Each structure stands twice: as C-alpha cells, then as structure tokens.
Amino acid sequence: MQSSDLGNREQGKIWHRKPAPAAQQGVIVNIIHSATGYHSKTIRFLNVAFDNSGDSLLAGDHQGNIYVFDLTGNRFILVQRTMQACTALAFNLRRKTEYLVALADYSIKCFDTDTKELVSWMRGHDSSVSSISVHGSGRYAITTSSDTAQFWDLDTFQRKRKLNVRQSVGIQKVFFLPLSNTIISCFKDNSIFAWECDTLQCKYQLPTPIEGSVLHYKVFAVTRDGRVLVTGGKSNHLHVWCLESKQLLRIIQMPTKVRAVRHLEFLPDNFDGGSNQVLGVLSQDNIMRFINIQTCKILFDIGSHEEGISAVTISPNGRYIASVMENGSLNIYSVQALTQEVNKPPAPLVKVVEDLSKGKLGASKLTMRVMSGRSERPWKSKGTKTQTRVLKPQVNSSLENKENELPDGLNKKRLQALLKGFGEYPAKYRMFVWRALLQLPENHLAFSSLIDKGIHSAFVHLKDEYPMKSRKLLRVLQRTLSALAHWSAIFGETPYIPLLAFPFVKLFQNNQLICFEVAATVIVNWCQHWFEYFPNPPVNILSMVENILAHHDKELLQHLINYNVTSQYFFHHRNNLDINVVIKEAYHLMEATPADIHPKRMLDDFIPLTKGQYPVFNKYPKFIVDYQTQERERIRQDEIEYLRERQLVHEIEAKAIQRKVEDEAWYRKQELLHKAEEQRRKILLQEEEKLTDQRQRLAAVKRELKVKELQLLDAARRRFLKHQQDQRQMELKRLDDEIARKVSMRERETAATVQDVEVRQMELESQRQLFEQQLVKDQEAVTQEVKGEIDASQRRADLEEHLVQRLIEIDRDEDRKAQVLAEESLAKADQKCIDTDWRIQALYKQRCDDLDREAHYEEIAKLLHDNREKEAELLKAMKAEEDKRWEELTEKRAHLESEQLAATALDAQRKQFLEDEMNDAIELSEKLQCEDGYFERLRDLKTGCVQQDLKFQQVREEAQPKSGYVCLNDFSTTESSANFSLDRRREDLECRERELMAEVRELRQKLTSQARATYPLPHFPDTKWAT
C-alpha cells in the first residue's frame, strides 16, 4: 500500500509508482495531509465526493482546504481554501467544473475548479447542512439540515421551495431518486414521502413496517434504477423496500457484531441495468461490509478495528471506493482487487489429455478432448495422418433433449426449423434468440476488468481511420475493440477486426457486454484457424475453400486459375451479393460436400464462452504478435517522447517569449508608474500650494467678514439705541405737554370753583358763625387725630424708604457685577422693559389724574349739594340739621374705622412682602458668587419689581387725600377751612408732579444701562368714595 503526504503542496502526483492493490486490502493509495511547524499535526479529511465519470474525487478537510484528485491522470490540485470546515460536498453538477460545498456557517457555496473562483453563495439554513443531493440532470439540488430542506435552481442559484417541519419531527434526509423526477423525504418519525419534482405534489407515502420490525431510520440507499430503497438505523436490521409496489420486500439481519448502521451505499455495476445487488453497510465498529441483498451473503469488507472508517463514498462507475479513516487520512480502494476472489472463475469443465511420448508421429502430438458429443478432429495435413478415436457414450432420447434445451425455455431444434422455414427470426425477438443460441455467459466482472484497462493503444486514433457521425457508436466500437485487444493481443494487430466487429456493435450498441461476447463467440467459433499464419492470410482456410470450389465447380476454378485470380485476391476484392442467395448456397454446399473435404472435418463444434472468466485465446503465432506489439509500443513511446520533447521545447520557447514580454511589460509599467508618481507628486505639490493660498485668502475673508459683522452689529445697536432714545424723548415730550395742559386746565377749573365758593361763602358767612365754635373744637380733635395718623404713616414710610434704599443699594452692587455679563443678551429685554415701564408710568399718571379729577369733582358736587341742602334746611330748623350732621358723623367714623382696618392689613402685608424680598435679595447675592449671569438677571428683575411696587405704593399713599375726614361744609369766620382743602390739594398735586418728573428722569438714566425681563403691573386697590 502506497502512502502519499500532501504537505504544503498545492498540486502534484498522487502516487509515484504504479499502484498494485493487494487482493485482501485492495488499497490503491493512502492520502494524508500533515502540517509542519512547531507542532506537527495531521489535518483531518471530513468529506469526499466523486464526479459523474467516477475518475475524479473531491475531498475537504476541517481547515477548509478543497482538493481535487484525478485518479486517471494521477494528479491532485488544491482548488479552494474556504477557511472553515465543510459539512457536505457535491461534485456531479451539470457544469463539470463546478461543485457545491456546505460550510460550518450554514451557507452553501459554489466554486469552479478551473478558475478557482466563487460562482455563487447560497444562504437560508439555520443549522448545519448534512447532505446535498443533485438531480440527474445537474440543474437542481436539495440541501438538508435537521430542521429544513431547501430546493435550489443551479442555473440561477435561487431557492425555489423550502420544506419546513415541526421541531418535534425533524428531517433525516431529502434526496432525488436516480433516473426520475421524484424526491424522497425521510423524517425522524420513520415516515417516508415521495414528491413530484416539478409540481412538488405528494405522490405516495410508504406504509408503516410490520410490528416487531420498527427501527429508527437514520441512513438510506437507493439502487441506480430507483426501484429499491434500503433503510437502516440503530439496529442490525435492514429494511428493503420496493418503490414500485410501495411494499416492504424483506428484512435483512446483519451479524450480531453489528449493532447500528451508520452508512449505506450500493456498489454500481455497469452491466446490471441499474438493479444493484451489492450493498455496502458501514456499522458502528467502523467496518464496511459488502453484502448481496438477494443471497444475503457477505462478499468482502474494508476497514478494521485498528483502522476504522468514518465516511465512505463509491464512484458512479463502480471502480473505486473512497473512505475517510478515523485518523483523518483518505483511502482509495480498487473494487476490482476487492472482488477478485468473488469473481474467481470455476474449475474448467474441459479436461485435456496429453501424450508426451514421441513415436511415429514425429513432432506432432496426439490430443484427445473428452466431451459428451462428437470428437474434435484437428486439421489433417497432406504429409501425415492423425489417428483420432471417438468415444461415444450411449445416447438416448433424454440426453438429446437435454442438449437441445437452451436457457429461458428455448429449444435449439425448434429454432433451427423456424430459421430454415422463414430465413430469419422476428425482429422483436431476434437479439434475444441469438443470445440464447450463442449461450452468452454475461461475465460482468470479467468484462468490467477488461473495460477498466482503458482504450487500447491500437484504437486510440480509430476515429481518424473510421470517421462516424454517431459519437456514441464510435465510443462503443472503440471500447469493444479495446476489450477484444486486451483479451487477446492478436486483435490489436489485426487490421480487419473493426470491420468484422462493426455490424455487431451497431446491433448491440446499447449493451456493450452482449456486443463483446457476441463478437468473441463469433471469433472463437466461426473464425477458427484464421490467425495461425498471421500476419499472412489463413492459407489453410483458403485451401479448404479451393477444395470445395474444385469439387462443386471445376470450370469456375479453372477460369479463376487462368486469370490468376487467387482466393486471397477474391477476398480482397469483394462484390455486392444478395445475402439470401449466399445463405441458400451455403446450405446447399454444407449438404452436398463430401466428408473428406467438408469444413467440419477441420473445424471444431460450437463452443460457448465459459462463465466467470473468458477462455484464453492463443491460437496465433504469439512471438510475431508480441514482436509487432513491442515494436508498435516502442514506436508509440518514441513518438510520445518526441511529442513530449517538442511540446517541452514549445513550452520553453513560449515561456521564454512570455517571460520576455512580461519583463518588457514590467519595465514599461514601472516606467509609467515612475512617471505617474512624479506627475502625481507635482500635482500634489501644486494642489497643496493652492490649498495653502486658498486657506490664507479664506482666513483673510473670514477676518474681514467678522470685522464687518461686528461693525454692522455695533451700528445696528447704536441706531437702535438712538431710535429708542428719540422715541422715549418724544414720548416724554408728549407726556410733559399733556401734564402741562391738564395742570393749566385744572388751575382754571380750580380758580372758577374758588370764585364760586367764595361767593357762596360770603352768602353763608353768617350761618357758619353759628357753628364755628363747635366746629373748631371738632376740627381740633380731628386735626390731632389726623396728625397722629400722619405721624404714624410717616414713620412707616420712613422705615419702608430705608428698606427700599437698602434694596436699591444691594441691587446696584449686584447690577454692577452682572452688567458685564448681561450687556450682550439684554437688548431685547431692554426694549420690553422700557415699554413696560412707560406703560406703567403712563397708566399711573392717568390713574392719578383720574383720581384727582374725581376727587375734585366729588368735592365740588358735595359742596354744591351741601350748600343747597343747608340753604333749604336753614329755613326749616337748625335742630334737624344738627341731628343729620351727627348721623353723618357717625357713618363717617364707621367708614374711617373700616378704612383704618384695611390700611393696617395692607401695612402688615407690605411689611411682610418687604421682609421676604430682603431675604430673597440676600440669598441671591450669596448665590451669585457661584452661578452664571442668568440668575443675576433674574434677581435684577425681581429687585426691580420690588422697587417699582414700593414706589407705586409710596406714591399711592402720598396720593391718598390726607384730609379725607375734613368736612367742607364747616365754615368759620376765617378762611382756614377752604384753604385747608384746596391749598393742600394743590400743593400735593405739585409735589407729586415734581416727584414724578424726578422719577421719570431717574428711570430714563437707569433703563439705558440695565435690563429687566418682565415687570408685573402694580396692584391698585379699589378706592371708594363716600357721598
């Protein structure tokens, strides 16, 4: 057994000397793949697959290396590195150079062995792909995993259909049946379904096996004709199913040492018509046993306990078996060597008796073949006589009938009578009849061994000498002639053998075995003594023909002699004749020819080919044939050597030219690369300079734009501030004009009112004197009370003013700190704040004017009303007037008390508000040290609100009439009463106006530097005047 280590080689020879497998082991070569390095290790092979021809093998290891082994050409090549382990292979696609590989990442890839490129990448499985089945046409493929099976179109590499099952069921295997469009799906619940490939409709389901024979199906095998299915699993039983009848044919029990079956595969045979009989069974002990499913006998086995087998595949032509061993190596077996003992021919039925003594016969030998029929007589020469003794046993009718019986129930005498009566057999049964008449043995193994030797060198160029349109017919003729030449060397040297065999080849081209055996039977029986004078014509046979011609037609013979037409010339210059006439003449000559010159005197009786092995054909001058064979082989070898050397010279010249062209191209390419590099370097420098210049210009433009933007912003800001100042000045001017107009109007109204009051006062002077003393007393009391209230209010106002000043100081300090941070973000807030302030001031002024005017009008109305009432009541009674005044005094005191209570509540609320604002201001001042400008602006706004509220409250208190409790109807002898009310109000109004103008100027200065977010409108309490 040879061993070949692939090592790091990507291609090379598989074996270095011609393999000679032993009959016991049958191993052609053992292939290993070792990786050298720090730690040497063996890379394990995982899967193998044959192509359609059976002469090339695809193998993948656990590192993802894919090798192709050409067993005929003795070459291997590394075609792909997938970098991950393969789980299944398929090498029988329609495009012969493509193959499928299922990888560990659950994907399937298609590669090309010639280009070594990826053809397609198919995805869709969620678990490892366990098997790939390819349709007989090579167009479709089915990939199977544990949870699904997917149907692929190999022309477009698109998925056509997908078979999904429940997780509890699971899929064992899905595959195509050979020579049909049927798909078989096998599930883990032992159910087997058959589907139509085109429509994917269920055709049938195999029934459940009988009780006691149920086993969990794991592995499956189908014959080449697709009729028989064998299943196995975790048992030593095999179920044999007939797919045509859908019935279980038989159950085969393996030996007890077999406990589980891991793999099943039929051994193909080219001559069994696809109905394979030999089945390989790989069991759990890693030994594969080959059995005959009909006789249930073990024929041979491969593997052992020491060298176990993990995976097996058999070539489609039945010549090789490839097995992946437990140690990771790959064994290639020869089926011919394994079946040598099985196909050993039986012992010969013909015994030869030889007499080694030399007597009167000289150098001749007396040979006797003992047979059950007539004796065989050698050709009788003219010089010597050969004595022959015929041993005839007692012949009876039963023996004669036995000799006339043929296989398949045919009878020789009946067939002869039928042939003589009709001249031919029916075309439908003609080949069948002649197979029976010739008693063909149909030695499949012997013929397979001849075919395995390949095309004979004498017929390699047969197509040049005999061109044919039908390539199939030429191929069958070439194989048949090669088998004849391998059987006997004389047929490779005989030039007319193709012409002799061609009619039989054309007739039996669909069955090469029958074609070969018919040709061999015809040569053995009807071409006797043809080759004894090789390479000269068979003189003995031609002389026999001349003797027969001389006996039956002496004139014709004399005519031929006169014109020097010999028998050799006649057979080299044939004429077209009617075959029926020739056959009839042959029958006539057979019956009319005397026994001394009859052909049967020299020719032997019909002898069929032996079963098991074909007989040795050596009736020819062996030394001449061997010499010619050797010479032809030598010439062929010389020619091959010459062609090889010429091819080598051509290859060297082509390589030299190619190398020269490649060198020139490389130098040109390098020169172009240098020029391109220089050009690109210059371009890069130019681009860098341009980029630098552009960056500088861009920076200058950015600076200019930034300056312009700042200038525009500054100009816009100044313009906006100027616009705001102008608008505020116009608003202030309008307010000043409005105030001046209202003041002048009020002065005129006051002057007119004063004149009316003085007139009325002069009229009522006498009446006021009556109540002067009492009114003076009351006035003094009221004055004292009012003064006390005014003092208390003044004290509260001073306290509030102190608090306000304190808040203003804190606000100013914080404003100075936040002014820098808030200056940029308060432009819009300034606008809103200024608008709000002016609205507040305008509203406040309007409210104050309304209040003053309302109070003035009410006073005037009250004076007029009182005067009218007093004028009317003075005429009636002083007493009623006095009671009425006392009632009014009581009401006013009650109202005063309510007003005092409200003022007290407001003072307490204002005090609490000021305290809260003060606390908030102190907290904010502490937080501003660690917080951003946002909170500072928020505190400013709150502080501004507080100040505005305090100012509005102060103004409101100042705006309240301090003399609300003085009665205008109280007259005295002096003008103190009227002056007390009118002069005081005028002075209050002027004071408020001066204070308002001062506050407006102060606010204008302050609003230009500060910003406030929002200002709440001040709350003016409802004021109700008593009538």
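Residues numbered from 1 in each chain as written. Predicted model: local features only at pLDDT ≥ 70, side-chain atom pairs only at ≥ 80, totals over all residues. Heavy atoms only, no water.

(A) The overall build of the chain, seen in detail. Looking only at helices and strands, the chain has 21 helices and 34 strands in total. Counting across all 1027 residues of the chain, residues that qualify as buried make up 37%. Taking the intrachain contacts of the chain between residues at least 6 apart in sequence as the baseline, contacts between residues at least 24 apart amount to 55%. Total accessible area on the chain stands at roughly 63,300 Å², and carbon and sulfur atoms take up 53% of it. (Helix = DSSP H or I, 4+ residues; strand = E, 2+ residues; numbered from the N terminus. Buried < 20%, exposed > 50% of the residue type's maximum accessible area, 1.4 Å probe, protein only. Contact = heavy atoms within 4.5 Å. Areas by Shrake-Rupley, 256 points an atom, 1.4 Å probe, with all protein chains shown as cover.)

(B) A look at the nonpolar core. Membership of the largest hydrophobic core comes to 43 residues, with the highest contact counts inside it found for Leu 484, Trp 487, Phe 491, Tyr 614 and Phe 617. Put simply, the parts of the chain that give this core at least two residues each are α5 (444-452), α7 (471-487), α8 (490-493), α9 (497-507) and α10 (512-526). If you look at the next biggest cluster of nonpolar residues, it comprises 21 residues, including Ile 14, Phe 45, Leu 78 and Leu 330. (Core = buried A, V, L, I, M, F, W, Y, C linked by side-chain atoms within 4.5 Å.)

(C) Geometry of the packing of α5 against α7. Orientation of α5 relative to α7, taken along the N-to-C sense of each, is 100 degrees, at an axis distance of 9 Å. Taken together, the axis directions place α5 and α7 in an arrangement best described as roughly perpendicular. Here Phe 447, Leu 450 and Ile 451 of α5 lie close against α7, whose contacting residues are Arg 479, Ala 483, His 486 and Trp 487. Split into classes, the residues belonging to the contact of α5 with α7 amount to 5 nonpolar, 1 polar and 1 charged. (Axes fitted to C-alpha atoms, helices over the stretch in contact; angles between N-to-C directions. Parallel < 35°, antiparallel > 145°, perpendicular 65-115°, else oblique. Nonpolar A, V, L, I, M, F, W, Y, C, P; charged D, E, K, R; others polar.)

(D) Geometry of a negative patch on the surface. The grouping of Glu 882, Asp 883, Glu 887 and Glu 891 at the surface amounts to a negative patch. Looking at where Glu 882 falls in the secondary structure, it is placed in helix α19 (residues 878-927). Classification of Glu 882 by relative accessible area gives partly exposed; the value is 36%. (Patch = residues over 30% accessible without salt bridge, like charges linked within 9 Å, V, L, I, M, F, W, Y side chains within 5 Å. Salt bridge = Lys/Arg side-chain N within 4 Å of Asp/Glu carboxyl O. Lys, Arg positive; Asp, Glu negative; His and termini not counted. Charge placed at Lys NZ, Arg CZ, Asp CG, Glu CD.)

(E) The pattern of salt bridges, seen in detail. Enumeration according to the criterion identifies 24 salt bridges in this entry. The shortest N-O distance in the salt bridge between Asp 452 and Arg 319 comes to 3.0 Å. Of this pair, Asp 452 sits in helix α5 while Arg 319 sits in the loop between β30 (309-314) and β31 (320-325), placing them 133 residues apart in sequence. Connected through salt bridges with shared partners, the residues Arg 94, Arg 95, Glu 98, Arg 139 and Asp 155 form a single ionic network.

(F) Structural detail: the packing of aromatic side chains. For the structure on display, the rule yields 25 aromatic pairs. Residues Phe 491 and Phe 531 carry aromatic rings whose centres are separated by 5.7 Å and whose planes lie at 85 degrees to one another, so their mutual orientation is edge-to-face. With Phe 491 in helix α8 and Phe 531 in the loop between α10 and α11 (539-552), the pair connects residues that are 40 residues apart, well separated along the chain. Here Phe 531 and Phe 617 contribute two aromatic rings whose centre-to-centre distance is 5.9 Å and whose plane-to-plane angle is 80 degrees, an arrangement assigned as edge-to-face. Remark: Phe 617 occurs in the loop between α14 (579-592) and α15 (622-763) and Phe 531 occurs in the loop between α10 and α11; sequence separation between them is 86 residues. For Phe 531, a relative accessible area of 1% puts it in the buried group. By way of ring pairs, the aromatic residues Phe 447, Trp 487, Phe 491, Phe 516, Phe 531, Tyr 614 and Phe 617 are connected into one cluster. Of note, Lys 109 hangs over the ring of Trp 121, and the distance from its end group to the ring centre comes to 4.1 Å. The aromatic ring of Tyr 204 is capped on one face by Lys 246, whose charged end is 4.6 Å from the ring centroid. (Phe/Tyr/Trp six-rings, centres within 6.5 Å; stacked < 30°, edge-to-face > 60°. Lys NZ or Arg CZ within 6 Å of the ring centre and 35° of its normal.)

(G) Representation of the packing of α9 against α10. Direction vectors running N to C along α9 and α10 enclose 130 degrees, while the axes themselves pass 9 Å from each other. With respect to their mutual orientation, α9 and α10 come out oblique. Helix-helix and strand crossings are classified by hand; for α9 and α10 the assignment is right-handed. Residues Ile 497, Leu 500, Phe 504 and Val 505 of α9 form the contact with α10, whose participating residues are Cys 515, Val 518, Val 522 and Ile 523. (Left-handed = near helix turned anticlockwise from the far one by under 90°.)

(H) Spatial organisation of the sheet that holds strand β19 (residues 182-187). The strand order across the open sheet built from 4 strands is β18-β19-β20-β21, with neighbouring strands paired in antiparallel fashion. Of all strands in the sheet, those with a lone pairing partner are β18 (171-176) and β21 (202-205), marking the two edges. Pairwise comparison of adjacent strand axes, ignoring direction, gives a mean angle of 20 degrees for this sheet. In terms of strand pairing, strand β20 (residues 192-196) meets β21 through 3 bridges, oriented antiparallel. The residue of β21 that forms the bridge with Phe 193 is Gln 205. (Pairing = 2+ DSSP bridges.)

(I) Quick look at unusual backbone geometry. Although it is not a glycine, Met 83 sits at a positive phi angle of roughly 65 degrees. With respect to the secondary-structure elements, Met 83 resides in the loop between β9 (75-81) and β10 (86-90). Exposure remark for Met 83: the relative accessible area of 67% places this residue in the exposed category. Within the chain, Tyr 106 stands out as a residue other than glycine whose phi angle is a positive 70 degrees. The residue Tyr 106 is located in the loop between β11 (98-103) and β12 (108-112) in this model.

(J) Molecular detail of α10. Spanning 15 residues, α10 covers 21 Å between terminal C-alpha atoms, matching the ideal 21 Å at 1.5 Å per step. Buried residues dominate α10, accounting for 13 of its 15 residues. (Expected span 1.5 Å × (residues − 1).)

(K) Region of interest: a positive patch on the surface. On the surface, Lys 463, Arg 471, Lys 472, Arg 475 and Arg 479 cluster together into a positively charged patch. Examining the composition of the positive patch, we find that 4 residues originate from one element, α7, more than from any other. Note that Arg 479 resides in helix α7. Looking at Arg 479, the relative accessible area reads 34%, which means it is partly exposed.

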